[in-house]
Each structure stands twice: as structure tokens, then as C-alpha cells.
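Given next are the chains, with one letter for each unit.
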Amino acid sequence: MPTFAPNTDRIANTSWGSSRQGASVVGLWIHHQADGAGADANDYMVGPNDRDSHPTYAIDDNEAATVVGIVHPDKAPSSTFYANDQNAVALEAANTTGEPNWEVPVATLEQIALIAAHHSIESPRSAHPIEVNKPGVAQKGFWVGWHAQVRSTACPGPFLIAHIPAIVARANQIKDAIQGGASWASIRPGVQGGEFLGALTDAEQRRVAHLWGA
Ligand SMILES: [Zn+2]
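Residues numbered from 1 in each chain as written. Predicted model: local features only at pLDDT ≥ 70, side-chain atom pairs only at ≥ 80, totals over all residues.

Looking at an unreviewed UniProt entry, the chain carries the name N-acetylmuramoyl-L-alanine amidase, with the source organism given as Pseudoclavibacter terrae.

See below:
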């Protein structure tokens, strides 16, 4: 049975979510909250709302990128009218800037990598590396996808979309460490943004630096 990732800071434990109809969790959908710079919609998604947004996780836009568990991973979440989440968990990340880049704290990237690593290890695909989602392609690994892959939307915005390869690379580092016997407590301090970058290979760091205009 799927469980909340160990980096979940607070569980709202709402009654939202629907049956997975026996499906396993084999992927993660990334959304952004698009609530403007420096605000978050975590409370909004815990309660009834007009976007029908009840993701598995909401990530705050504070420096630590606090992770709030909203829908138990054992249930299918829904995010901004996209309901095809029977075989996936979903998260909505709060933004620190608005259009056009919709940035998130660097710590959010690390939190997403931890969430992906946790659910990939729990999944029936744990023997395979985590992959970037490729719609229409049969994949062996747990996948990380984003809203704009399946709907005509800017979600989750250029900043997060550009960082998905780095998130997947970092998630595989965490997955390999845990499957190699490391404890989650030893990974957890990596939540700071500098740890996210420091954990990447030189080539991955160069790619991220390029994305950031450095
Ligand atoms: Zn979305």
C-alpha cells in the first residue's frame, strides 16, 4: 500500500481522493499552484475548491519548501480538473514568482526528488531507474511527468519543466542510495537547495547553471 514520502512535514489527511481501482502508483504528476508570487494555495486545496484540486502533496513556497500531505497516496488524487491520476501521485508546488517563469524555491526541487524516489522505491518498477515521462511510450521505470504533457496548459511553468531532467537525476541518486542501504534520515538534510546542486554530477550542474542563466 502506498505511503506518504518521509519528507512529508505535515499531513492534512483530508477525505478527498478516489479509489485507484487496484492500480499501482507508477508515476508522479507535477503541477504548480499559479497563485502569484509569494503566496501558496495549500489551505485552498485542503478544502472544497472550484479547481477541484486535491493533490497528494502541496509544497509551500517558503525557504524549506514545506511538504503538506493532502490526499493519502493510497487514493487517486485530482489536480486542477485533471483526474487521470489512478496510477500516479500528484503534487502542486507554490511559486515565488509569477508569469512568465513561475519559479519555485530550489529546495522544492529537492523535495520533489525525494517524493519521486520514495514512490519509485514503493512501486512495482523499483528495479528500474526513474524516467522522465514520455506520453504514448511504454516505460519500464517510474516516471515523472507534468501537466502540460496531457493538457493545453502552461502548468507547471518554464522553470519547473526545465528542471525535470535534474529532478529525475537527483531522484535516481536518492533511490540508489536508499536501495544501497542508506537511511532516509541521512538523505533528509539534503533538503537545502545547495545540497540539490551539490548532489548532481558536474555535467548535470552545468546543465542546471545554464538553465538558471549562470
Ligand atoms: Zn497543473
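Draft legend 1. Broad picture of the nonpolar core. If you look at the biggest cluster of nonpolar residues, it comprises 50 residues, and the most contacted ones within it are Leu 28, Leu 91, Ala 113, Ala 116 and Ile 167. For this core, the secondary structure elements donating two or more residues are strand 2 (27-32), strand 3 (57-59), strand 4 (67-69), strand 5 (88-93), helix 2 (106-122), strand 7 (143-146) and helix 3 (158-179). Ranked by residue count, the leading element in this core is helix 3, at nine residues. When near neighbours in sequence (up to four residues on either side) are disregarded, Ile 167 contacts Leu 109, Ile 112, Ala 113, Ala 116 and Val 144. (Core = buried A, V, L, I, M, F, W, Y, C linked by C-beta atoms within 7 Å. Buried ≥ 20, exposed ≤ 12 C-beta atoms within 10 Å, placed from the backbone. Helix = DSSP H or I, 4+ residues; strand = E, 2+ residues; numbered from the N terminus. Contact = placed C-beta atoms within 7 Å.)

Draft legend 2. Highlighting the packing of helix 2 against helix 3. Two elements in contact, helix 2 and helix 3, have axes separated by 8 Å at closest approach and are oriented at 50°. In this view, helix 2 runs oblique relative to helix 3, as classed from their interaxial angle. Like other packed secondary-structure pairs, helix 2 and helix 3 cross with a definite hand, here right-handed. Contact with helix 2, carried on its side by Leu 109, Glu 110, Ile 112, Ala 113, Leu 114, Ala 116, Ala 117, Ser 120 and Ile 121, involves His 163, Ala 166, Ile 167, Arg 170, Ala 171, Ile 174, Lys 175, Ile 178 and Gln 179 of helix 3 and no other residues of that element. (Axes fitted to C-alpha atoms, helices over the stretch in contact; angles between N-to-C directions. Parallel < 35°, antiparallel > 145°, perpendicular 65-115°, else oblique. Left-handed = near helix turned anticlockwise from the far one by under 90°.)

Draft legend 3. The arrangement of the sheet that holds strand 5 in detail. Taken together, seven strands build an open sheet; the order of strands is 1-4-3-5-2-7-6 and the sheet is mixed. Each end of this open sheet is capped by a strand with a single partner; those strands are strand 1 (10-11) and strand 6 (131-132). When strand 2 meets strand 7, the two strands line up parallel, connected through four bridges. Within strand 7, the position partnered with Gly 27 by the bridge is Trp 143. Set on the sheet, helix 3 makes contact with strand 2, strand 5, strand 6 and strand 7; between it and strand 7 the angle comes to about 175°. (Pairing = 2+ DSSP bridges.)

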